[in-house]
Amino acid sequence: MVHFIDRRLNGKNKSAVNRQRFIRRYKQQIKQAVSDAISKRSVTDLHKGESVSIPARDITEPFFHQGQGGIRQRVHPGNDQFSPGDRIPRPQGGGAGSGQGDASADGEGNDDFVFAISKDEYLDLLFEDLALPDLKHNQLDKLVQYKTVRAGYRAEGVPANIDIVRSLRGSLARRIAMSADKKQQLKQAEAELAELEQAAVPDELARRALLEHIAELKQKLAAVPFIDSFDLRFRNYQKKPEPTSKAVMFCLMDVSGSMDQATKEMAKRFYILLYLFLSRSYKNVEVVYIRHHTQAKEVDEQEFFYSQETGGTIVSSALKLMQEIIAKRFDPQEWNIYAAQASDGDNWAEDSPLCAELLARQILPAVRYYAYIEISPRAHQSLWEQYQQLQASQPKLALQQIREVSDIYPVFRELFKKQAA
Amino acid sequence: MSNSALISRACLPDGPDWTFELLASYQQEIARVAAHYQLDTYPNQIEVITAEQMLDAYSSIGMPIGYHHWSYGKKFIQSEQHYKRGYMGLAYEIVINSDPCIAYLMEENTLPMQALVMAHACYGHNSFFKNNYLFRTWTDASSIIDYLVFAKNYVSKCEEKYGIAEVENFLDSCHALMNYGVDRYKRPQKISMAEEQKRQQQREAFLQSQVNELWRTLPAKASTNPTEARFPAEPQENILYFIEKNAPLLQPWQRELVRIVRKISQYFYPQKQTQVMNEGWATFWHYTLLQHLYAEGKLSDRFMLEVLHSHTNVVLQPPYNSKYYSGINPYALGFAIFSDIRRICENPTAEDKAWFPELAGSDWLQSLHFAMQNFKDESFISQYLSPKVMRDFHLFAVTDNSKESSLEVSAIHNAEGYQQIRQLLSAQYNLSQLEPNIQVQQVNLNTDRALTLRYIPHQEIPLGGAIEQVMRHLHRLWGFEVRLEQLQSDGSVQLLARCPEPA
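Residues numbered from 1 in each chain as written. Chains lettered and ligands numbered in written order. Predicted model: local features only at pLDDT ≥ 70, side-chain atom pairs only at ≥ 80, totals over all residues.

Moving on, we get to the overall build of chain A. In terms of helices and strands, chain A carries 11 helices and 14 strands. Every one of the 421 residues in chain A was classed for burial, and the buried ones make up 29%. Sequence separation of at least 24 residues holds for 81% of the intrachain contacts in chain A that already meet a minimum separation of 6. (Helix = DSSP H or I, 4+ residues; strand = E, 2+ residues; numbered from the N terminus. Buried ≥ 20, exposed ≤ 12 C-beta atoms within 10 Å, placed from the backbone. Contact = placed C-beta atoms within 7 Å.)

What follows concerns the interface of chain A and chain B. Of the residues lining the interface, 57 residues belong to chain A; the matching set on chain B comes to 76 residues. Of all the secondary structure elements, the ones that give two or more residues to the side of chain A that touches chain B are β1 (2-6), α1 (16-25), β3 (64-66), β4 (71-76), β5 (87-89) and β6 (112-117) of chain A. Grouping the amino acids of the side of chain A that touches chain B by side-chain chemistry returns 21 nonpolar, 20 polar and 16 charged. The sheet contact formed by β1 of chain A and strand β1 (residues 44-49) of chain B spans five bridges and is parallel. Looking at β1 of chain B, one finds that I5 of chain A is bridged to E47 of chain B. (Nonpolar A, V, L, I, M, F, W, Y, C, P; charged D, E, K, R; others polar. Pairing = 2+ DSSP bridges.)

Attention now moves to the environment of E481 of chain B. Residues and elements named next belong to chain B. Mapped onto the secondary structure, E481 falls in the loop between α21 (467-478) and β9 (482-487). Given 17 C-beta atoms within 10 Å, E481 falls into the partly exposed group. Taking C-alpha positions, E481 is 7.6 Å from D448, a pair spaced 33 residues apart along the chain. Beyond its immediate stretch of four places on either side in the chain, E481 contacts D448, A450, R498 and P500.

Moving on to the sheet that holds β4 of chain A. Strand order across the open sheet formed by four strands is β4(A)-β4(B)-β5(B)-β5(A), with antiparallel pairing between neighbours. Unpaired on one side and paired on the other, β4 and β5 of chain A mark the two borders of the sheet. Taking the axes of each pair of neighbouring strands and ignoring which way they run, one obtains an average angle of 30 degrees across the sheet. Here β5 of chain A runs beside strand β5 (residues 406-412) of chain B; their pairing, made up of three bridges, is antiparallel. In the strand pairing of β5 of chain B, R87 of chain A is matched with E408 of chain B. Set on the sheet, helix α19 (residues 418-428) of chain B makes contact with β4 of chain A together with β4 (396-401) and β5 of chain B; between it and β4 of chain A the angle comes to about 105 degrees. (Axes fitted to C-alpha atoms, helices over the stretch in contact; angles between N-to-C directions.)

Tracing the backbone through its elements, the reader meets N44 of chain B in strand β1. On a C-alpha basis, the gap between N44 of chain B and M118 of chain B in space is 9.6 Å, while along the polypeptide they are 74 residues apart.

The subject of this paragraph is the sheet that holds strand β7 (residues 451-456) of chain B. Residue and element names in this part refer to chain B. The strand order across the open sheet built from four strands is β6-β7-β9-β10, with neighbouring strands paired in mixed fashion. The outermost strands of the open sheet, each flanked by one partner alone, are β6 (437-443) and β10 (493-499). In this sheet, neighbouring strand axes are inclined to one another by 25 degrees on average, regardless of whether the strands run parallel or antiparallel. Note that β9 and β10 share six bridges and pair antiparallel. Each residue of the ladder has a partner; that of L487, found in β10, is V493. Relative to β10, α21 is tilted by about 65 degrees, and along the sheet it contacts β7, β9 and β10.

This brings us to the confidence of the model for chain A. Fine structural detail should not be taken from predicted coordinates in areas where pLDDT scores are low. Residues and elements named next belong to chain A. For chain A, per-residue confidence averages 78 on the pLDDT scale, and 81% of positions sit at 70 or higher. Model confidence for chain A, summarised as mean pLDDT per element, is weakest for strand β2 (residues 50-55) at 69 and strongest for helix α4 (residues 164-198) at 90. Low pLDDT (under 50) marks residues 94-110, which in the prediction has 25 contacts with non-local residues, meaning those over four places away or in another chain. Here residues 137-143 is modelled with pLDDT under 50, and outside its nearest four sequence neighbours on either side it reaches 13 contacts, counting other chains as well. (pLDDT = per-residue confidence, 0-100.)

With that settled, consider the confidence of the model for chain B. Averaged over chain B, the pLDDT score is 86; the fraction of residues at 70 or greater is 90%. The low-confidence segment residues 1-9 of chain B (pLDDT under 50) makes zero contacts with residues lying over four places distant or belonging to another chain.

Moving on: the pairing of strand β14 (residues 397-402) of chain A. Residues and elements named next belong to chain A. Note that strand β13 (residues 369-375) and β14 share six bridges and pair parallel. Note that in β14 the partner of Y372 across the bridge is L399. Read as a crossover between parallel neighbours, the route from β13 over helix α10 (residues 382-393) to β14 is right-handed. (Right-handed = clockwise from strand over helix to strand, strands pointing away.)

If you want it as structure tokens, here you go:
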């Protein structure tokens, strides 16, 4: 009569499809909400999901219902003071007293529809239509990566790779092959023996011979081993070359004394955005962090974003270091190289022409894209002007200025928007 | 020593944690008592689910399967938000009118809650589904799951063939008119899934091959009587049905989608009409069954206190001036009326004998079953709402005439007011007075094939809602111009909306 079923183990995301459809349908509104939200967020939770609000009027499902007005008669509970014929002033807003008892029937609430999207959905929306510019399939035929894949079975190998099912299948087959014949003989001999014993005058000699034969057969059968090294099968693995295209991203940042905390914060935010974008869009992107004041230093991600330094500014030191690293580790023939530099624009005046020259001669020929972000509300200084001159002849160089936090995301989109193929 | 051993043998373990073995033993006891009270049910299928799965169930109106549509995603996100912020607790159970009757229990419930919920859903609601005349006439419990599977597969097939956006847009339009996809009088057929599929294909072929009245280009015999040309001959209340059969431009698959939406709407129609009765009946029985077990000594005091605590929360009716007031609580009203029927049968007063002469002194169980089987909310209230319940609830009626500046208390719970309150409260559950009365009035066969709907206001209440948008959806379904007109109180007709708007 009654079945108890434990459904708790069933798939969880039964509504996932419908949820995805909802998000797709309201993508435009959600996207707007996401880009509005990005400027309000702090650095560390940039990779979390986001709660998004859409004006409720945009997502209503229209239907006919009764409107306000006309004559309505409603019954309410809890009379504590009224007598028939009493007159009550009309309550405002169709509240508890009368009018629409059923508030949901109004459906005209102005509250926004707020909901949370997951981290993946958030990043999808954030980075939609963006791509690393100018990615070339460098050295595609050079087959730089190997992937280990299964490739059938083999008769020898290390014990860790034994395939139990295959081995036992082999064992079973061998045992059948080695014993079927003897089993048949045994059956036959046993039948003969039984017949012999049924006879009125048992032939003792024949009987003894048969018994001997049976014992021998049984011994042979018992000698067939359950498993033999012959049965063993090992999983075989092969290294399969996989064509890949590799990219490396250089992050250069000025951490000198002229960069105040707020400016650094904005630069960090830009790089975190960049980092999320990279680690999301491309499986194979290496990131090199270089920070500099008067000297440049290659650091890890943690140090890049979270450690403090002071001092003057010599931008060319970072460019030199970058060039050295390229020469040492990232052959432009093999790697797609991208660079993004963030600075407040301050530079030691004599250094700026040197920077421009370094860029023009050494770095720009090697890279696919070089983005320079100046984080400063002030007028441009020497570095920007040098770069700007360079930009006229170098399409790979991009300059953008960020004035305040809310500029970061639009600038980021501007720099990395997918180019028409 | 021996005394305590005796008690522990008689008394079922009282939790608070539940196990499947404990659930089974409680279920067995409840089933025994339910049989004692002649509750006739479908077989039960009890499924334990998590909070997240409960949210899933919410968003698909409690159905275990449904076709994909963004609006269900929206509902899911909405209830998820409300739940996470603590605006709303989840229901302890959801029960589905199917055979076997599927009941979902929340994993978080304590053992007493699970017992309460089993009594409520698996015996209360279940017996209601099986025996109430509306459910017996309008729904077919054995085929609903099959039909939902069919619908889901059909919709995904269409999506593959014609594109998700196309199908979703079309379903949007159907959903906008979902409330007008109901036959109020005709009885739908019971058919199985295999048959449904076969028929679906035949229907497709037939509908397309049929000479459509609307496409007729050869003039029919010149009709001398102009009223004869009217199409449809009578106003049609089931707008989706009318569209499915008559919309000239729909593809076969689109007709089938209209039909699916209409069928599901029809399936839920009885639930809308029996909220008070259904919940009242289930509440009455969880209370009565567990009280019975308690009286037998099967339940511990601790267990019963938790049950009673939940029960009182369920039947709480805040007064009109409370900030928690949101209309009459169907659990409270239904429970009060059913309990009152039992009281009238067992201990009638002079007043009861005057009001319910045939009920007073009769067998309460038979009378109760009769009341459950043969009524819907509207008729149930007008038949069984007693003066005592009106007094207990302190009911009073308020008239709100938008032409006057203040409201008037038209009746209260006194001898002069009983009849009027009973009649007004009954009307409050009359769906045809709650939903705007809109019917297909006419199609211009000979000219532009425009479709005209007519709104007939009840008590001069104007039509609300996003009229323009619904009309656009209707236009998508019909394919030619659509108009909506309103019948005025003086008999004249006023045009409310048309789509497309004349240039």
